[in-house]
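# Structural description and commentary
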Amino acid sequence: MTAIKKSGRLIAGLLLFFSLQFARLAGSSISGIVQMQDGSPLPGTRVTATSLSLAGIATVVTDDRGRFTLPDLALGIYKLTFDLHGFKTRLRRNIFLGQEQVVDVEIILVARGGDDAVTIQEAPALTEVTTPISGTTLSREMFQSLPRARNFDSLLNIVPGIVNETLLLGGTSINGASGLENTYLFDGADSGNILDGSPGQNVSFDFIDEVRVTTSGAAAEYAGALGGVIRVMTRSGGNEFHGQIVGYYSGSPLRANDRDILSLDYDDDSKAVYYPYSTFYGVDNDHKFEGGFSLGGYIVRDKLWFFGSILPVYYTNTRTLTHASGDVREWERTENQLNYQLKLTAQPIKNLRLGASVVNNFYKYKGDLANYASNPNPTVSFNDYGFSYPNMSGNFSADLSAGDRFLATARIDFFHTDQNDPLVRSGGKPYYYFRTEAPGGYIYTNPAVFPDIPPQYLLDPNRNYMGQIRPIINSMERNIAERFGVGLDLTYFLDSGFGEHAIKAGISWARRGQNVDNTLDDPIVFLAWDRSFPGDFAYAGSDRGKYGYYAVRNNDVTGPYGDYYKAYGNLFAVYLQDSWTIANRFTVNFGVRAESEYIPSYATGNADFEDLRPIEFNMGDKLAPRLGFIWDVRGDSSLKVFGSYGIFHDVMKLKMAAGAFGGSKWKSTYYSLDTYKWDEIGVNGYYPGRPLLPYPHTIDFRVPDFDIVDPGLKPMTQQEITLGLEKKLGDDLVLSLRYVNRHLLRAIEDIGVWTAWGKKYFISNPGSDFIRQKYDQARADGTIPANAPGPSRAVREYDGVSLALDRRFSLNWLGGVSYTWSRLWGNYSGLASGDVTVRDAPYVERYFDSWYASRTLTLDEAVGALPGDRPHQFKIYGSYSFPFGLTAGLVANAMSGTPTSTEFAMEYPGYMPYGRADQARAPFLWFANLYVEYNLKLGRNVLSINLNVDNVFDVRTAQRIYPVYNQYAVDVSEERIAQGPWDINDYDPELDPRYLMECDFYAPLTARLGLKFSF
């Protein structure tokens, strides 16, 4: 093949690959109309946009109706210039453009005479009159003047409908959804954790331009988003050089007293005590240092720009702890992070804009801290444990425009995380385990039975023997979770006699999966001394050697023991949407999204299963229509009425896949024990004795069972309805009113059903016909009571009304206040659950682990207020910059406490005998955070000293009431439960003294000092 042919095929392949890149929305845009004073249009007017954040300049010429659109603009503050021969040039400054925001302007030109230029400085409308999206844009002014933690998501609490529910719902809860149901985009790339849906990366506020939060009404181009869409835009370079040097300190000297811990008394578990933190966990002497710099500017002026940042973080903690045994120990932990970001943007030709960025979060720790009840003298010190966690994402994008009508956007992106480099390994010796319990008493090397065994091989009958510490025999060689995506978006702006259209279509493909090796370094050997191989393995019979038999895992015969898999699956999506504006006042948005996805088999190395797809959805299963309207009531962007309707499908998370579909490897092989030298077995591949099983000589205790998946399984789906209005009260002030209803149509969960072969968990939509059939079969088999009620379906209903007043930064201050009334009701909290303990295990929570788990004593459905239900939420934020260089900001939240539902400890956790919210809520919660910064000008440079204080009033409110009535599971038969009401006290329960006591108190006052030099 000639070089020309090779190059041609390579280019063709790259173009095809490029055309399939992962879908994203085109950038923000500025549109409008240019007219004379009498309303006549002015075609041919040249409109030029400039901004420090813009790659070069953007220009367009108005059409025959005087209309123009500047598409795909970077976020920033813009200046527009309007030029037409015979008319005065007009300037419009201070146009703030956020992520994916549409700003509409109206300009009147006057005939030339007098001054050649006129400057107009009024700001454009704060309301977006072409989108029904509800949400908030968090600008750099907010980052720089409001209290916040170091990560991008810590300011989200100022947004109506958002609550940080880390304790109960796994993170940021948006309009009633759990924290694992949000979509996270960093510079347009999907950066959500593919295992559980949590944020996959951290980005410091120092290096962010804007965070845009969509709480409802997301367009068809967005996947998932049963919660919301959180888009982070990192900083870019420009035609001027700017940089910062930053440093921060936080730690125990800047923290108030840590909270007491509710616990059973370790000396008497019939009592509950509040252990001081210093007793339960020890006295922490911890320090955290962050320091780094950023620099942005140009490589080739007007053509190629860069922005880069680096922020190392060092944390150390020396904990002094008195253990329950009375021993006093010091435990040490160190954590190192290397965070950096690099972004390049270019405009090689007028209509082509290129961008590439990388975000890295590398984390490494050493030392596992102990608590009061832990073993103070492990064979291997906790201080030696540790792992490394590489974490990186990146993307490349290209925007090509053809005039002001057509825009093509293409993207390649990736996301990669890992866990590796274990600091403690097993040391190259087999792990030996001696069975001690057996019919007839302890089994051990009794010299009376085995008089030929030398004394050094005699074993103590009162303990097990281990060649290694069990927790470290599994060695995490790799725990890779990664995603690679490509996509293409096409946008066309069309003017017709019936209005204007912004038509957008997209196609995307992504490959994601895991590559995990968490297996033994060395063999594990189970010795059954003086015992015959069990006869219940009918195909093997019973056998033994002179001294008994032994079992082995993790040798050449069994293969690896532990988690071992390499599994990848594809997602494919298309969407089409149109924004149709009629008479410049009424806009209709409609679109549809379709997706296909599958979860692959995790049975790596098993030819019978490794090519199967246990869960697969086609595009018909995941068809998601979206519809919205926006009415610009007065035609001047001052009053907007809007509404939207949408169907949203969850993009499946992978955390449950390995355990359900063959990722855990557990094969054992068995040999006759013909030697008493047990400490030589397994060393250098030595396995004496004869195999006790026919070929392939193993028993597989983790045979994949894909029949557990409902063949009619449908994706988790939610319906959303939004209504609202926004009123511009001034150039920088907006009043908004929003109503959101969310109705869960289907969930996916593992559902426990007794079968003739024992308890089995089926993956299905709760309440489906498939589960009803399993229940019917279980009743017929007698494995559940004949009068047990049918299966429950998953219920989650959210209604919320928010009233908010927001003021954008001007005249040295910004602020906002909001009130939200909401109701979160049902029996299913979502992909994360706070019903039993804080769990983040999507699709394998404990909602439906038994037929009675979702029922009350009277066998009614246990529906009611869910853990994230907070009927009343009040929020206020604001900051002011004084003329002498001081800036002060405050964020305060107040909200209803969480509901309390009595739980009985049963065979399956989470049983609520009296339904939900039968007890008083946790106390009303409020807190306030403070930020102050002093800026000292040093010529063109600025030196800033800042102090951030969380929980400035050191509020100690309990966030939860302990709900469990009894300590240990009571033995109540399912037949009795199925008969109706019963009294737990008839079964002599051991009461839990913590029942209805306050716990999980709000974190203490914590301060952080910062120093920043901007140049």
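Residues numbered from 1 in each chain as written. Predicted model: local features only at pLDDT ≥ 70, side-chain atom pairs only at ≥ 80, totals over all residues. Heavy atoms only, no water.

### A word on helix 6 (residues 769–781)
In a regular helix each residue adds 1.5 Å, so 13 residues correspond to 18 Å; helix 6 covers 18 Å between its end C-alpha atoms and thus fits that length. Here helix 6 has its buried residues at Phe770, Ile771, Tyr775, Ala778 and Arg779. Looking at the buried positions of helix 6, the neighbouring elements they touch are strand 40 (749–755) and strand 41 (758–764). Glycine 782 lies just past helix 6 and shows a positive phi near 80 degrees. (Helix = DSSP H or I, 4+ residues; strand = E, 2+ residues; numbered from the N terminus. Expected span 1.5 Å × (residues − 1). Buried < 20%, exposed > 50% of the residue type's maximum accessible area, 1.4 Å probe, protein only. Contact = heavy atoms within 4.5 Å.)

### Concerning the sheet that holds strand 4 (residues 67–73)
Pairing in this open sheet of three strands is mixed, and the strands run 4-1-7 from one edge to the other. Two strands lie at the open edges of the sheet, namely strand 4 and strand 7 (102–108), each paired on one side alone. Pairwise comparison of adjacent strand axes, ignoring direction, gives a mean angle of 15 degrees for this sheet. Across seven bridges, strand 1 (residues 28–35) lies against strand 7 in parallel orientation. Across the sheet, the residue bridging to serine 31 is aspartate 104, located in strand 7. (Pairing = 2+ DSSP bridges. Axes fitted to C-alpha atoms, helices over the stretch in contact; angles between N-to-C directions.)

### Observations regarding the packing of aromatic side chains
Inspection of every chain in the model, using the stated rule, returns 49 aromatic pairs. Centre to centre, the rings of phenylalanine 382 and tyrosine 385 are 6.3 Å apart; their planes meet at 70 degrees, and the pair counts as edge-to-face. The class for tyrosine 385 is buried, based on a relative accessible area of 14%. Judged by centre distance (5.6 Å) and plane angle (45 degrees), the rings of tryptophan 926 and phenylalanine 953 are tilted. Of this pair, tryptophan 926 sits in strand 47 (residues 925–938) while phenylalanine 953 is found in the loop between strand 48 (941–950) and strand 49 (958–961), placing the two residues 27 residues apart along the sequence. Classification of tryptophan 926 as partly exposed rests on a relative accessible area of 39%. Under the relative-accessibility criterion, phenylalanine 953 is labelled exposed at 55%. Just above the ring of tyrosine 298 sits the side chain of arginine 301; from NZ or CZ to the centre is 5.3 Å. (Phe/Tyr/Trp six-rings, centres within 6.5 Å; stacked < 30°, edge-to-face > 60°. Lys NZ or Arg CZ within 6 Å of the ring centre and 35° of its normal.)

### Describing the nonpolar core
If you look at the biggest cluster of nonpolar residues, it comprises 67 residues, and the most contacted ones within it are Ile599, Ile615, Phe661, Tyr828, Trp851, Met906 and Trp982. Elements supplying a minimum of two residues to this core: strand 31 (562–582), strand 33 (615–632), helix 5 (657–660), strand 40, strand 41, helix 6 and helix 7 (974–978). No other element matches helix 6, which puts four residues into this core. Beyond its immediate sequence surroundings of up to four residues, phenylalanine 661 is in contact with Ile599, Ser601, Tyr602, Ala603, Pro614, Ile615, Met656, Phe706, Ile708, Val709 and Ile763. Met142, Ile208, Ile230 and Val359 belong to the second largest nonpolar core, which has 24 residues in total. (Core = buried A, V, L, I, M, F, W, Y, C linked by side-chain atoms within 4.5 Å.)

### A word on the confidence of the model for the chain
Residues of the chain with pLDDT of at least 70 account for 89%, and the chain-wide mean is 87. Every residue in residues 1–26 is under pLDDT 50, and counting partners more than four places away or in other chains gives 66 contacts. Note on residues 120–126: pLDDT under 50 across the span, and 30 contacts to partners over four residues away in sequence or across chains. (pLDDT = per-residue confidence, 0-100.)

### Regarding the pairing of strand 16 (residues 242–251)
Strand 16 sits mainly inside the fold: seven of its 10 residues count as buried. Pairing of strand 16 with strand 19 (residues 283–300), which is carried by 10 bridges, proceeds in the antiparallel orientation. Its bridge partner being in strand 19, isoleucine 245 is matched across the sheet by phenylalanine 293. Bridging between strand 16 and strand 51 (residues 1006–1014) involves six bridges; their strand directions are antiparallel. Each residue of the ladder has a partner; that of tyrosine 248, found in strand 51, is glycine 1010.

### Let's talk about unusual backbone geometry
Note the cis peptide between tyrosine 695 and proline 696, where omega equals 10 degrees. Locating proline 696 in the fold gives a position in the loop between strand 36 (667–673) and strand 37 (699–700). In the Ramachandran plot, alanine 225 falls in the positive-phi region, its phi being about 65 degrees despite a non-glycine side chain. Overall, alanine 225 belongs to the buried group, its relative accessible area being 5%. Within the chain, asparagine 554 stands out as a residue other than glycine whose phi angle is a positive 70 degrees. Note that asparagine 554 resides in the loop between strand 30 (548–553) and strand 31.

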